[in-house]
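# Close look at the chain arrangement
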Amino acid sequence: KIRTNGRSQELFPYMAYLLLPLLAGLDGRIGWFDAIIFLALYVFLLFRLKPEFRSTKRTVPASADTLWKASMLTLIGIIVVAVTANLIVRLTLFLLAQSSLDVFGIGTVVFALGTNLPEMTMAFAAWRRGNVDLTWSHIVGSAMGNILFIGLFGLIRPFQVNFGLTQLAFAAWLIGLFALFALFYRSERMLRRNEGVAILAVFLAGLIIQAILLLR
């Protein structure tokens, strides 16, 4: 069981923000206007975050030695992530160059899972330590950060978006996942094991569909 506040309506603005690039890309292009909207809404949603989403647990002040070790580990982690991300990009581009696979499909099935491993690891560690608030905020914040970067890229240089069957299937899948999560978030103010299984089943079904479209 994972406790929630039962107010799923508070999640809707953040879910809508995560769907924004798909809607903006319907015309086949992410331009300056789209980018400015992404950036403005990101700032707005940050200020909109309510106290309910923040942890109420008291923390023990860390010593100078602990802070130094944590800072060094964080720096090492950033370097490892940067190097690993570069290798993943190079391997993915090589894979695309050697095959006729769909670029969007590769991104959603392979690239997204690989590049989100650090986020998933941190969320899992926070959940194991019983800090569900940190888990929620990390996952939502990480996803919002991705949209922020799309906005920055579009502001620097607008780019084209190929919108076809794969993208439509992905959009429907994402909307279905969000709707299911919002429903379970509201019910009995907690997420139960069977609800977690249902969310995971829908996720895996969408992943299989994306893989089929990728290989079609």
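Higher on the page you've got the structure.
Everything numeric in this text was worked out from a predicted model, so none of it was measured.

### Details of the nonpolar core
Ranked by size, the top nonpolar core spans 30 residues in total, and within it Tyr17, Phe38, Met144 and Phe181 carry the most contacts. Those elements that place two or more of their residues in this core are α1 (12-24), α2 (32-48), α6 (132-156), α7 (165-186) and α8 (193-215). The biggest single contributor to this core is α7, with eleven residues. Contact partners of Tyr17, with chain neighbours within four places excluded, come to Phe38, Leu41, Tyr42, Leu45, Met144, Ile147 and Leu148.

### Considering the packing of α1 against α7
At their nearest, the axes of α1 and α7 sit 11 Å apart, and the two run at 175° to each other. Regarding the angle of α1 to α7, the classification is roughly antiparallel. Between α1, through Phe12, Met15, Leu18, Leu19 and Leu22, and α7, the contact on the second element is made entirely by Phe170, Ala171, Leu174, Ile175, Phe178, Phe181 and Ala182. For the contact of α1 with α7, a count of residues per class yields twelve nonpolar, no polar and no charged.

### Regarding the packing of aromatic side chains
Throughout the structure, instances matching the rule amount to four aromatic pairs. Residues Phe170 and Trp173 carry aromatic rings whose centres are separated by 5.7 Å and whose planes lie at 80° to one another, so their mutual orientation is edge-to-face. In this pair, Phe170 and Trp173 are both assigned in helix α7, three residues apart and thus about one turn of the helix distant. On the numbers, 5.5 Å between centres and 40° between planes, the contact of Trp173 with Phe203 is tilted.

### Regarding the side chain of Asp34
For Asp34, the location among the structural elements is in helix α2. No salt bridge forms around the buried Asp34; measuring N to O, its nearest opposite-charge neighbour Arg29 is 6.1 Å away. The contacts of Asp34, once residues within four sequence positions are left out, are Ala24 and Arg29.

### Describing α2
With 17 residues, α2 ought to run about 24 Å at 1.5 Å a step, and its terminal C-alpha atoms sit 24 Å apart, in line with that. Taken together, the buried positions of α2 are occupied by Asp34, Ala35, Phe38, Leu39, Tyr42 and Leu45. For α2, the buried positions fall inside an angular range of 135° around the axis, keeping them on one side. Residues of α2 that are exposed and angled more than 90 degrees away from the buried face: Trp32, Phe33 and Phe47.

What counts and what doesn't
Residues numbered from 1 in each chain as written. Predicted model: local features only at pLDDT ≥ 70, side-chain atom pairs only at ≥ 80, totals over all residues. Heavy atoms only, no water. Core = buried A, V, L, I, M, F, W, Y, C linked by side-chain atoms within 4.5 Å. Buried < 20%, exposed > 50% of the residue type's maximum accessible area, 1.4 Å probe, protein only. Helix = DSSP H or I, 4+ residues; strand = E, 2+ residues; numbered from the N terminus. Contact = heavy atoms within 4.5 Å. Axes fitted to C-alpha atoms, helices over the stretch in contact; angles between N-to-C directions. Parallel < 35°, antiparallel > 145°, perpendicular 65-115°, else oblique. Nonpolar A, V, L, I, M, F, W, Y, C, P; charged D, E, K, R; others polar. Phe/Tyr/Trp six-rings, centres within 6.5 Å; stacked < 30°, edge-to-face > 60°. Lys, Arg positive; Asp, Glu negative; His and termini not counted. Salt bridge = Lys/Arg side-chain N within 4 Å of Asp/Glu carboxyl O. Expected span 1.5 Å × (residues − 1). Arc of directions from axis to C-beta.

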